[in-house]
Amino acid sequence: MAGLNPEILLRAYAVGLFPMAERHDDPTLYWIDPEKRGILPMDHFHVPRRLRRRARNNFYEVRCDTAFAGVVRRCAEPGEGRGETWINDEIVRLYIDLHEMGRAHSVECWRDGRLVGGLYGVALGGAFFGESMFSRERDASKVALVHLVARLRKGGFTLLDTQFVTRHLSQFGAVEIHRGGYRHLLSKALDVNATFYCELSDEELAAFLQSTSVTS
């Protein structure tokens, strides 16, 4: 995939494609267009009971876009439950460029001055394409996801693309839809004027959690 740049990457997202590498040490990128696509319906978001308490009591300090490169690089590292990742050096470079263009964002969990969890993704119109997450302390990436969904809903986003559905994401209500249905939702979302940059108060987070389904 020679000559890939942020502008080409954004055009690919707009038609439903995203890039991946086979391994973090493989320089080759491939366009992925799965027959079944994972999405997380934000109006039917589930939050486990324990996580609800942790997200509400400010156990972690949650920030956005203060350590984007650090989040991406930590997502690229092998971690618990994953011996290999698909994020190679080219992915890191491209998404840092997208961040500098204001198109890619991170949600970060900090504790005692340390970055201990987070996620990153790409915003385009009213669609947010979740890329990867990491956690170095219990529930850190999950708290970041709760804050992401609350922020996206407040900012007017209509589509949260998770690419695939994992067991980790299914507990929050992630579902698979066929490629055609996904592209229909994507087309509608691209016409939405949404913003990632909206402040989320403690009261708004509490109201968001109150509106979500509780799971055990």
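Everything below is about the structure printed above this text.
Quick caveat, the model's predicted, so the values are computed rather than measured.

Colleague: What should I look at first to understand the overall build of the protein chain in this one?
Modeller: Helices and strands together make up the secondary structure of the protein chain, namely eight helices and 11 strands. A globule of 216 residues ought to have a C-alpha radius of gyration of about 17 Å, and the protein chain, at 16 Å, matches this closely. In terms of overall dimensions, the protein chain has C-alpha extents of about 45 × 35 × 30 Å along its principal axes. Out of the 216 residues in the protein chain, the part that is buried amounts to 50%. A fraction of 76% describes how many contacts in the protein chain between residues 6 or more apart in sequence connect residues 24 or more apart. Accessible surface for the protein chain amounts to roughly 10300 Å². Of this, 48% is attributable to carbon and sulfur atoms. If the 28 positive side-chain charges of the protein chain are averaged to one point and the 28 negative ones to another, these points end up 7 Å apart.

Colleague: When you look at the pairing of strand E3 (residues 36-39) in this model, what are you seeing that I'm missing?
Modeller: For a regular strand, side chains alternate in direction, first toward one face of the sheet and then toward the other. With four bridges connecting them, E3 and strand E10 (residues 175-178) associate as antiparallel partners. Across the sheet, Gly 38 pairs through a bridge with Glu 176, a residue of E10. One ladder, built from two bridges, connects E3 with strand E9 (residues 159-163); its direction is antiparallel. Looking across to E9, one finds that Ile 39 is bridged to Asp 161.

Colleague: I would appreciate a short explanation of helix H5 (residues 140-155) in the present structure.
Modeller: For H5, which comprises 16 residues, the first-to-last C-alpha distance of 22 Å matches the rise-based estimate of 22 Å (1.5 Å per residue) to within 8%. Taking burial as the measure, the 16 residues of H5 include 14 buried ones, the bulk of the element. Just beyond H5, the residue with positive phi is Gly 156, at close to 90°.

Colleague: Even after reading the chapter, I still don't get the sheet that holds E3, so can you show me in this structure?
Modeller: The pairing of strands in a sheet happens through backbone hydrogen bonds and is either parallel or antiparallel. An order of E5-E6-E7-E8-E9-E3-E10 is seen for the seven strands of this open sheet, with the pairing classed as mixed. The open sheet terminates on both sides in strands that have one partner only, identified here as strand E5 (61-64) and E10. Within the sheet, the average angular offset between the axes of one strand and its neighbour, ignoring direction, is 35°. Lying on the sheet, helix H1 (residues 6-14) is in contact with strand E7 (114-124) and strand E8 (127-135); it crosses E7 at an angle near 75°. Sheet strands in contact with helix H7 (residues 179-190) are E3, E7, E8, E9 and E10, and its direction is about 95° off that of E10.

Colleague: Would you mind going over the packing of aromatic side chains with me for this structure?
Modeller: Both the distance between ring centres and the angle between the ring planes are used here to describe each pair of aromatic rings. Across all of its chains, the model carries 10 aromatic pairs by this definition. Centre to centre, the rings of Phe 18 and Phe 164 are 5.9 Å apart; their planes meet at 80°, and the pair counts as edge-to-face. One end of the pair, Phe 18, is in strand E1 (residues 18-21); the other, Phe 164, is in the loop between E9 and helix H6 (167-170), with 146 residues separating them in the sequence. Since its relative accessible area comes to 0%, Phe 18 is described here as buried. Where Tyr 95 meets Tyr 120, the ring centres are 5.8 Å apart and the plane angle is 70°; that geometry is what we call edge-to-face. Highlighted residues: Tyr 95 in helix H4 (residues 89-100) and Tyr 120 in strand E7, separated in sequence by 25 residues.

Colleague: Hey, could you run me through the nonpolar core in this one?
Modeller: Most often, soluble globular proteins keep nonpolar side chains buried together rather than apart. Among the nonpolar cores identified, the biggest contains 37 residues, and Tyr 13, Ile 87, Tyr 95, Tyr 120, Val 122 and Phe 129 are the most heavily contacted of them. If you tally residues by element for this core, the top one is H4, at six residues. The contacts of Ile 87, once residues within four sequence positions are left out, are His 24, Val 72, Cys 75, Ala 76, Val 92, Tyr 120 and Ser 132. Cys 109, Ala 123, Phe 157 and Ala 174 belong to the second-largest nonpolar core, a separate cluster that totals 33 residues.

Colleague: What exactly am I supposed to notice about the side chain of Asp 139 here?
Modeller: With respect to the secondary-structure elements, Asp 139 resides in the loop between E8 and H5. Residues in contact with Asp 139, not counting those within four places in the same chain, are Arg 50, Leu 51, Arg 54 and Tyr 60.

Cut-offs and rules
Residues numbered from 1 in each chain as written. Predicted model: local features only at pLDDT ≥ 70, side-chain atom pairs only at ≥ 80, totals over all residues. Heavy atoms only, no water. Helix = DSSP H or I, 4+ residues; strand = E, 2+ residues; numbered from the N terminus. Rg over C-alpha atoms; globule rule 2.2 N^0.38 Å. Buried < 20%, exposed > 50% of the residue type's maximum accessible area, 1.4 Å probe, protein only. Contact = heavy atoms within 4.5 Å. Areas by Shrake-Rupley, 256 points an atom, 1.4 Å probe, with all protein chains shown as cover. Lys, Arg positive; Asp, Glu negative; His and termini not counted. Charge placed at Lys NZ, Arg CZ, Asp CG, Glu CD. Pairing = 2+ DSSP bridges. Expected span 1.5 Å × (residues − 1). Axes fitted to C-alpha atoms, helices over the stretch in contact; angles between N-to-C directions. Phe/Tyr/Trp six-rings, centres within 6.5 Å; stacked < 30°, edge-to-face > 60°. Core = buried A, V, L, I, M, F, W, Y, C linked by side-chain atoms within 4.5 Å.

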